[in-house]
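Structure assessment
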Amino acid sequence: MRNPTRKPTLRRDGRWIGASVPRREDPRLLTGRGRFVDDVTLPRMLHAQFVRSTEAHARVVSVDLDAVRAVPGVVAAFDAADLVLGDVTALLDRPPHEFVPTAMPVLARDRVRYVGEPVAIVVATDPYAAEDGLEAAIVEYDPLPPVLSDTDALAEGAVLVHPAAPRNTLVDVSLFATEGIDDVFARAHTVVEVRTRTGRQNALPLETRGAVAEWVDRDEQLHVQTCSQVPHQVRTVLAGCVGLDEKQVRVTVPDMGGGFGQKCVVGREEIATAAAALRLRRPVKWIEDRRDALTASFLAREQHYTARAAFAEDGEILALDADIVCDMGAYSCYPFTAGIEPLMASAEMPSVYRVPAYRVRGRAVCTNKAPTAPYRGVSRPQYVMVVERLMERAARELGMGALDVRRRNLITVFPYTGVNGITYDPGSYRESLDLCEATLREEGWYDRAATDGRVRGIGFACFSERTGYGSGAFAQRKMRVVPGFDIAEITMDTAGSVVVTTGTLSHGQSHETTMAQIVADRLGLPYERVKIVQGDTDRITYGWGSFASRSITIGGSAVSAASLKLAEKLREIAAHLLEVDVDSTELDGDGGVRGGEGRLSFAELAEVAYLRSHLLPKGTEPGLRATESFDVGGDGTFSNATHGVVVELDPGTGGVEILRYVCVEDCGVAIHPQVVEGQARGGIAQGIAGALFEQVRYDATGQPLAPSFMEYKVPTAAEIPDVRIEHLETPCAFTSDGAKGAGEGGTIGAPAAVLNAVNDALRHTRVELDDTPIAREAIYRALNTAPEVTR
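Residues numbered from 1 in each chain as written. Predicted model: local features only at pLDDT ≥ 70, side-chain atom pairs only at ≥ 80, totals over all residues. Heavy atoms only, no water.

Strand order in this open sheet of four strands is β22-β30-β31-β32, and the pairing throughout is mixed. The sheet terminates laterally at β22 (455-467) and β32 (723-728), the two strands that pair on one side only. Here the strands of the sheet are splayed against their neighbours by 15 degrees on average, with no regard to which way each runs. In terms of strand pairing, strand β31 (residues 656-666) meets β32 through six bridges, oriented parallel. (Pairing = 2+ DSSP bridges. Helix = DSSP H or I, 4+ residues; strand = E, 2+ residues; numbered from the N terminus. Axes fitted to C-alpha atoms, helices over the stretch in contact; angles between N-to-C directions.)

If you want it as structure tokens, here you go:
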């Protein structure tokens, strides 16, 4: 429980923004009083599970559910013929040679395209009966050859996952091709090349996906409680699939145990669960078990890069040329499509460097694997790793220091418009690198020798994180559904406290605290008098949810704008009641308005606005409410960071031990520094997981080889080092409080920094590793075929 004697403290300058106040969510979440989807229990509630494909690629010959319906406790079982539902189809406004849409049926019909694809839904009186019902289902398949890699997908004569997609290619776009780039490479002093593959990963939120759906007669609504990052998009797609008006669908999100992007797309199971509840007129709950979460949920990260960079003799980069292939699995995700990863990488690959010539081709191919959705960082961990490996390789070829090559090419004059057409707002690219290196030197890591026959390496990664993508940025991708803006509404009650709605959604980022800090700062009242409402499509005008580090940059700016608008109305009412000019009034920072010699508290102003409205200025509407929207103009804003890592390699096992991790980050003004640090540490842990541990693998028939945590390697606290975080602050000019996004940076920088550190430790072996997760066997072989070295 919260200590009742502990008062939230402001910064010394009297502001809530920038103060690490106690998080308002913590008391209930840390004492088991949170309310998650699986905590929802309703009268007459039924439980659902899904009959899932056992084949990676096959025609569905027949689905026999008669035996399922005879299982004790089973109430109903439906396949695609029983539940006639619309498909989930994500679209880009691109010509057919650039984009091929894939209609994803809620329940598979004539064909299954990955192991775990839902074929039927079983509804029973309890979860155990539902599981028993799954065992009784009889599905006859006519197997087809599976396509299991991007190489196989693109091969001449390959089996087609979707007949409409030639060469299994869903997206094929060349966004940039500087004229004369081939001549630049031909004249360059040094050309280096990197080929990398990154392993397929699972976002692994602590809370798996789930939904509880019920038809509410009183409201004539289908109410769905789900753990989604994008409830309004779920409402839109769900209404379309089941044939209801959107006003007949309400989506709410209780507490959510992580999402990391996996839950920012619309899933099939929540739609099928809602359709079953609508058909049966009884509440239905579906909770994804961990096996399904590991094998059949949305995955990410599997990418293949071939990249070249041309350099001058002094280390200046002259050109960058990249071919990007992303394995997107069987279907496009809604609303981002299969273009999410190749388009992100293509547009932003030059990163923090001045690249004068650029050519890129980005492709998304479909394979017989679970579909891909955004996962924390979305392609940036991959392309940053590629660019940072190119920097390291160029330094080796040129005989220069790796950090010297970076410094030679970092953007230092802002605003800077890159060869990719993106304008980068001011950041601290050079400063973060300098401070990161200085920190490791001051700690003595450059002077310490490894022991026990081990070898030591130090690696760095410099990068920027584009945050607060506005509608303009998403429109450039030619998305049919264009996210971007956010809307906030603030209402003051008769006691002078406020309720604020936001279209963003917290799944661990502490919005209940940070959004309240913004409101408290704008109105000058204690943050405990601010209530934040999120995750309810009936109460919130519209919202795009939380992804792409947009919550504070866009959602927070909308909240700030609505608060300022309310403040103006408070001043106008106070000026009228105090008989002074409105320009002479000001919020006093203590829950009131001063004007002339007088003062009125918010409670006194609210009493007039609601209970004695006849005293309001002529033409002023009763009540205290304000609504504002916000959309970042231009190209958004860029956070930046440098990560530095010290590793030791064990020649006896090929194991990697991270001895030290330093992160120097700049996300503009930190609303709550402790929350920002938590975001960085959590992201770094996920980045290390991708660098060293996690990978979803398949056998030759397309069967997932990691159906549990016995096979899918996840790092524990023993493998994640203590992280030192240093903050720089370059305020953003576009957002209301100078904040930039902070949600994904830790994940973006970690794989490149760890990989560079491992390669630094291997430098005496002449072996360079470019794939992740880094294979222990490769390290072992390199160290045991090289001459002895002491470092």
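Continuing now.
Further remarks concern empty space enclosed by the protein. Scanning all chains against the criterion turns up seven cavities of 30 Å³ or more. Elements with a contribution of two residues or more to the lining of the largest cavity: β22, β30 (637-649), β31, α17 (673-692) and α18 (745-761). Ranked by residue count, the leading element in the lining of the largest cavity is β30, at four residues. Split into classes, the residues belonging to the lining of the largest cavity amount to seven nonpolar, six polar and three charged. (1 Å grid on protein atoms, 1.4 Å probe; cavity = no way out; pocket = protein on both sides within 12 Å on 5 of 7 lines; lining within 4 Å. Points joined across faces, edges and corners; volume = space filled by probe spheres on them. Nonpolar A, V, L, I, M, F, W, Y, C, P; charged D, E, K, R; others polar.)

Turning our attention to the layout of surface pockets. One number sums up the size of the second largest pocket: a volume of about 970 Å³. As for the second largest pocket, its lining consists of 42 residues, and the residues nearest its centre are L692, F693, R697, P773 and I774. Those elements that provide at least two residues to the lining of the second largest pocket are β10 (190-198), β30, β31 and α19 (776-784).

This next bit is on helix α6 (residues 231-242). Here α6 contains 12 residues, and its C-alpha end-to-end distance of 16 Å stays within 8% of the 16 Å for a straight helix at 1.5 Å per residue. Residues P231, H232, Q233, V234, R235, V237, L238, A239, C241 and V242 constitute the buried set of α6. Residues of α6 that are buried make contact with β4 (88-89), β13 (221-226), β14 (249-252) and α7 (268-280). Following α6 by one or two positions, G243 has its phi on the positive side, about 80 degrees. (Expected span 1.5 Å × (residues − 1). Buried < 20%, exposed > 50% of the residue type's maximum accessible area, 1.4 Å probe, protein only. Contact = heavy atoms within 4.5 Å.)

Taken as a whole and assessed by the stated rule, the structure comprises 13 aromatic pairs. Through a chain of ring-to-ring contacts, the aromatic side chains of F336, Y469, F474 and F547 assemble into a single cluster. Lying across the ring of W445, R448 places its NZ or CZ 4.1 Å from the centre. (Phe/Tyr/Trp six-rings, centres within 6.5 Å; stacked < 30°, edge-to-face > 60°. Lys NZ or Arg CZ within 6 Å of the ring centre and 35° of its normal.)

Let us now look at the side chain of E648. Its place among the elements puts E648 in strand β30. According to the relative accessible area criterion, E648 is buried, its value standing at 6%. In this structure, E648 is in contact with A450, T451, R454, V455, R456, G655, V656, E657 and L659, ignoring residues within four places of it in sequence.

Right, let's get into the confidence of the model for the protein. Averaged over every residue, the pLDDT of the protein is 96; residues scoring 70 or more account for 98%. This stretch, residues 1-6, has a pLDDT under 50; its non-local contacts, to residues over four places away or in other chains, come to eight contacts. (pLDDT = per-residue confidence, 0-100.)

In spatial order, the strands read β6-β2-β8; together these three strands make up an open sheet with antiparallel pairing. The two strands at the open ends of the sheet, each matched to only one other strand, are β6 (111-112) and β8 (138-143). Here six bridges tie strand β2 (residues 58-64) to β8, and the two strands are oriented antiparallel to one another. Following the sheet pairing, V60 is matched in β8 by Y141.

Our focus in this paragraph is the nonpolar core. Grouped together as the largest cluster of nonpolar side chains are 116 residues, with contacts concentrated most on F311, F336, M349, L649, Y661, V754 and V758. Ranked by residues supplied to this core, first place goes to helix α10 (residues 380-398) with 10 residues. The residues touching L649, leaving out its near neighbours within four places in the chain, are R454, V455, G655, V656, V758, A761, L762, I779 and L783. Counting 51 residues, the second-largest nonpolar core is a separate cluster that includes A76, L222, V242 and V696. (Core = buried A, V, L, I, M, F, W, Y, C linked by side-chain atoms within 4.5 Å.)

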